[in-house]
Amino acid sequence: MTQDELKQAVAQAAADYVAEHAAAGSIIGVGTGSTANFFIDALAPLKSKYKGAVASSEATRQRLEAHGITVFDLNDVDNIPVYVDGADEIDAGLNMIKGGGAALTREKIVAAVATTFVCIADGSKLVDTMGKFPLPVEVIPMASAYVARELAKLGGTPVLRAGCVTDNGNLIIDVKGLSITDPKGLEAQINQITGVVTNGLFAMRPANVLLLGTSEGVKTIV
């Protein structure tokens, strides 16, 4: 199977999961990225069952609305039973690196509200130790040089992502060369750097379920 076929398979599995676990009239949380886009397409035939969705980015909002799915502001939503999103890396503890699409802050906020976080990924994203994928850090623009200096002290190489401005008007620094053996500790440490909005480690709020696309089919890992 090609990578896109694996992504389509896990996206359909996620739509089936939502159909089983989210009550009629629910509002579904939807992530950002290529795998999340496949999920949106798989969710579209079921849209009459749900009240609508909360989007983690402007790109996701546009794709949902193009399918005729009502998009709600998170401030108007009290409960999200299921949030579905991809990952750039995920480990056996279901800790993740996210933010390759620069939507990490909004993704983290939606995940915080959701009862169940379902990660959808192809098998290449499952790793023993995270860090081969550069860790994204969203920063306030005026603090970017200072934050980069502080991030360098952690042992990685910080690189300002060229031409990238987030939906929140901020910048992204990608930290290369990390070997992340304590995801929760590193997530907290980076978030304490003044000028950091948040970082792409999802360890204090990891996934609850991983739907992993493999050549043998979709595996469910909890």
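Residues numbered from 1 in each chain as written. Predicted model: local features only at pLDDT ≥ 70, side-chain atom pairs only at ≥ 80, totals over all residues. Heavy atoms only, no water.

Engineer: Got a minute to help me understand empty space enclosed by the protein in this structure?
Structural biologist: Taking a probe equal in size to a water molecule and rolling it over the atoms shows the remaining empty space. Counting across every chain of the model gives two cavities of 30 Å³ or more. Lining of the largest cavity is provided by Ile28, Leu43, Lys47, Tyr50, Gly52, Ala53 and Ile69. Grouping the constituent residues of the lining of the largest cavity by class yields five nonpolar, one polar and one charged. Counted as a void, the second largest cavity has a volume near 40 Å³. As for the second largest cavity, its lining consists of Ser56, Ala102, Ala103, Leu104, Thr105, Arg106, Glu138, Thr166, Asp167 and Asn168. Top contributing element to the lining of the second largest cavity by residue count: helix α4 (residues 104-113), with three residues. Of the residues that constitute the lining of the second largest cavity, the class distribution is three nonpolar, four polar and three charged. (1 Å grid on protein atoms, 1.4 Å probe; cavity = no way out; pocket = protein on both sides within 12 Å on 5 of 7 lines; lining within 4 Å. Points joined across faces, edges and corners; volume = space filled by probe spheres on them. Nonpolar A, V, L, I, M, F, W, Y, C, P; charged D, E, K, R; others polar. Helix = DSSP H or I, 4+ residues; strand = E, 2+ residues; numbered from the N terminus.)

Engineer: I'm lost on the sheet that holds strand β11 (residues 201-202) in this one. Help?
Structural biologist: The strands making up a sheet associate through hydrogen bonds between their backbones, and the pairing can be parallel or antiparallel. The antiparallel open sheet is built from three strands, whose spatial order is β4-β5-β11. At either margin of the open sheet sits one strand with a lone partner, and together these are β4 (89-90) and β11. In terms of strand pairing, β4 meets strand β5 (residues 96-97) through two bridges, oriented antiparallel. What sits directly across from Ile90, in β5, is Met96. (Pairing = 2+ DSSP bridges.)

Engineer: Just checking my understanding: could you explain helix α1 (residues 3-21) for this structure?
Structural biologist: Since the α-helix advances by 3.6 residues per turn, residues separated by three or four positions end up pointing in the same direction. End to end, α1 covers 27 Å across 19 residues, agreeing with the expected 27 Å (1.5 Å per residue, within 8%). Turning to α1, its buried residues number three or more, namely Leu6, Lys7, Val10, Ala11, Ala13, Ala14, Ala15, Tyr17 and Val18. As for α1, its buried residues are in contact with β1 (27-30), α2 (34-43), β3 (80-85), β6 (114-122), β12 (209-214) and β13 (217-221). (Expected span 1.5 Å × (residues − 1). Buried < 20%, exposed > 50% of the residue type's maximum accessible area, 1.4 Å probe, protein only. Contact = heavy atoms within 4.5 Å.)

Engineer: Honestly, the side chain of Glu138 in this entry has me stumped. Any pointers?
Structural biologist: When you line up the elements, Glu138 lands in strand β7 (residues 135-139). In this structure Glu138 is buried but unpaired, with Arg106 as the nearest side chain of opposite charge at 7.3 Å. Here Thr166 takes part through its side chain, which lies 2.9 Å from a polar atom of the side chain of Glu138. (Lys, Arg positive; Asp, Glu negative; His and termini not counted. Salt bridge = Lys/Arg side-chain N within 4 Å of Asp/Glu carboxyl O. Polar contact = N/O pair within 3.5 Å; in protein donor to acceptor, adjacent residues only side chain to side chain.)

Engineer: What is the right way to look at the sheet that holds strand β2 (residues 52-55) in this model?
Structural biologist: The sheet built from six strands is open, its strands ordered β2-β1-β3-β6-β12-β13 with mixed pairing. Lying at the two open borders of the sheet, with one neighbouring strand each, are β2 and β13. On average, each strand axis in the sheet is tilted by 25 degrees relative to the strand beside it, whichever way the strands run. Where β3 and β6 come together, five bridges link them in parallel fashion. Paired with Ile80 across the strands is Ala114, a residue of β6. Each of β1, β3, β6, β12 and β13 is contacted by α1, which is oriented at about 160 degrees to β6, the strand it contacts most. (Axes fitted to C-alpha atoms, helices over the stretch in contact; angles between N-to-C directions.)

Engineer: Just checking my understanding: could you explain the nonpolar core for this structure?
Structural biologist: Soluble globular proteins tend to bury their nonpolar side chains together. Formed by 26 residues in total, the largest nonpolar core has its most connected members in Val18, Val30, Phe39, Val84, Val118 and Ile120. Among the elements of the structure, α1, β1, α2, β2, β3, β6 and β12 are those that each provide at least two residues to this core. A per-element tally of this core places α1 first, with seven residues. Ile80, Ile90, Phe117 and Ala207 belong to the second-largest nonpolar core, a separate cluster that totals 20 residues. (Core = buried A, V, L, I, M, F, W, Y, C linked by side-chain atoms within 4.5 Å.)

Engineer: Is there a simple way to explain α2 in this structure?
Structural biologist: Here α2 lies mainly inside the structure; seven of its 10 residues are buried. Within α2 the residues assigned to the buried category are Thr35, Ala36, Phe38, Phe39, Ile40, Ala42 and Leu43. Looking at the buried residues of α2, the elements they touch are α1, β1, α3 (58-66), β3 and β6.

Engineer: Would you explain a nonpolar patch on the surface in this entry?
Structural biologist: Where nonpolar side chains cluster on the molecular surface, the patch consists of Ile140, Met142 and Val197 and spans about 300 Å² of accessible area. By the secondary structure assignment, Val197 is in strand β10 (residues 196-199). Accessibility expressed as a relative area gives 33% for Val197, which makes it partly exposed. (Patch = residues over 30% accessible without salt bridge, like charges linked within 9 Å, V, L, I, M, F, W, Y side chains within 5 Å. Areas by Shrake-Rupley, 256 points an atom, 1.4 Å probe, with all protein chains shown as cover.)

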